[in-house]
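Each chain, letter by letter, is given below.
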Amino acid sequence: QVQLVESGGGLVQAGGSLRLSCAASGSSFSLNVMGWYRQAPGKQRELVAAIRTGGNTIYSDSVKGRFTISRDNAKNTVYLQMNSLKPEDTGVYYCNLYPLRPSNGWGQGTQVTVSS
């Protein structure tokens, strides 16, 4: 299992930026594909971005061109740089394996609130 601790969220005005961090511990972080997910109020959790072990990335259409996912395998950390934030980016952001595994639980997440 991989244990996950997210940080870096906060309140920001539309157009602003935030950088989220996810510290991971446990089995073989560098071998895992990692993803950032978000859950907006009243909606299901969705994948925002994912990064493969070699650095290849995928993004949801809603964040493409504004968000950048990266990883530092030496620090067992995944980052999400969020620019040009919009009110619809508001939600709780989580990191986890991609694809999800039922045996791997969730961290506490980090709240991102974008005001208009």
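Caption draft 1: How the structure looks around the overall build of the protein. Looking only at helices and strands, one finds 0 helices and 10 strands in the protein. Over its C-alpha trace the protein gives a radius of gyration of 13 Å, about what one expects of a compact globule, namely 13 Å for 116 residues. With respect to the three principal axes, the spread of C-alpha positions in the protein is 40 × 25 × 20 Å. Per-residue burial over the protein gives 41% buried out of 116 residues. Considering only intrachain contacts with a sequence separation of at least 6, the fraction spanning at least 24 residues in the protein is 55%. Of the roughly 5900 Å² of accessible surface on the protein, a fraction of 48% belongs to carbon and sulfur atoms. Here the protein carries 11 positive and 6 negative side-chain charges, and the mean point of each set is 4 Å from the other.

Caption draft 2: View of the pattern of salt bridges. Under the counting rule described, the total for this entry stands at 4 salt bridges. Ionic pairing is found between arginine 38 and glutamate 46, a salt bridge with its closest N-O pair at 2.9 Å. Overall, the relative accessible area of 5% leaves arginine 38 in the buried class. Looking at glutamate 46, the relative accessible area reads 35%, which means it is partly exposed. Overlapping salt bridges, with partners in common, bring together Arg38, Glu46, Arg66 and Asp89 in one network.

Caption draft 3: Examining the sheet that holds strand E2 (residues 10–13) more closely. Across the sheet, which stays open at both edges, the 6 strands sit in the order E2-E10-E9-E4-E5-E6 with mixed pairing between neighbours. Edge positions in the sheet fall to E2 and strand E6 (57–59), since each of these pairs with one other strand and no more. Ignoring strand direction, the axes of neighbouring strands in this sheet form an average angle of 25°. Summarising the sheet, strand E4 (residues 34–39) and strand E5 (residues 46–51) pair through 5 bridges and their orientation is antiparallel.

Caption draft 4: Seen up close, the side chain of threonine 90. Mapping threonine 90 onto the fold places it in the loop between strand E8 (77–82) and strand E9 (91–97). Within the structure, the side chain of threonine 90 is placed 2.9 Å from the backbone nitrogen of valine 114, a separation counted as a polar contact. Threonine 90 has contacts with Ala40, Pro41, Gln111, Val112, Thr113 and Val114, leaving out every residue within four places of it along the chain.

Caption draft 5: Geometry of the nonpolar core. Grouped together as the largest cluster of nonpolar side chains are 25 residues, with contacts concentrated most on Trp36, Phe67, Val78, Leu80, Met82 and Tyr93. If you list the elements that add at least two residues to this core, you get strand E1 (2–7), strand E3 (18–26), E4, E5, strand E7 (67–72), E8, E9 and strand E10 (110–115). Per-element tally for this core: the top contributor is E3, with 4 residues. For methionine 82, the contacting residues outside a window of four places in its chain are Gly16, Ser17, Leu18, Leu20, Arg66, Phe67, Tyr93 and Val112.

Caption draft 6: Spatial organisation of the environment of valine 33. Along the chain, valine 33 turns up in the loop between E3 and E4. Placed 23 residues apart in sequence, valine 33 and glycine 10 show a C-alpha to C-alpha distance of 26 Å. Those residues within four positions of valine 33 in sequence are excluded, and the remaining contacts are Ile51, Arg52, Thr53, Arg71, Asn96, Leu97 and Tyr98.

Caption draft 7: Region of the structure containing the pairing of E4. Most of E4 sits inside the fold, with 5 of its 6 residues counted as buried. Hairpin connection from E4 to E5: 6 residues lie between these consecutive antiparallel strands, with glycine 42 at a positive phi of about 75°. Examined bridge by bridge, E4 and E9 share 6 bridges and lie antiparallel to one another. Residue pairing across strands places methionine 34 opposite leucine 97, the latter belonging to E9.

What counts, and where the lines are drawn
Residues numbered from 1 in each chain as written. Predicted model: local features only at pLDDT ≥ 70, side-chain atom pairs only at ≥ 80, totals over all residues. Heavy atoms only, no water. Helix = DSSP H or I, 4+ residues; strand = E, 2+ residues; numbered from the N terminus. Rg over C-alpha atoms; globule rule 2.2 N^0.38 Å. Buried < 20%, exposed > 50% of the residue type's maximum accessible area, 1.4 Å probe, protein only. Contact = heavy atoms within 4.5 Å. Areas by Shrake-Rupley, 256 points an atom, 1.4 Å probe, with all protein chains shown as cover. Lys, Arg positive; Asp, Glu negative; His and termini not counted. Charge placed at Lys NZ, Arg CZ, Asp CG, Glu CD. Salt bridge = Lys/Arg side-chain N within 4 Å of Asp/Glu carboxyl O. Pairing = 2+ DSSP bridges. Axes fitted to C-alpha atoms, helices over the stretch in contact; angles between N-to-C directions. Polar contact = N/O pair within 3.5 Å; in protein donor to acceptor, adjacent residues only side chain to side chain. Core = buried A, V, L, I, M, F, W, Y, C linked by side-chain atoms within 4.5 Å.

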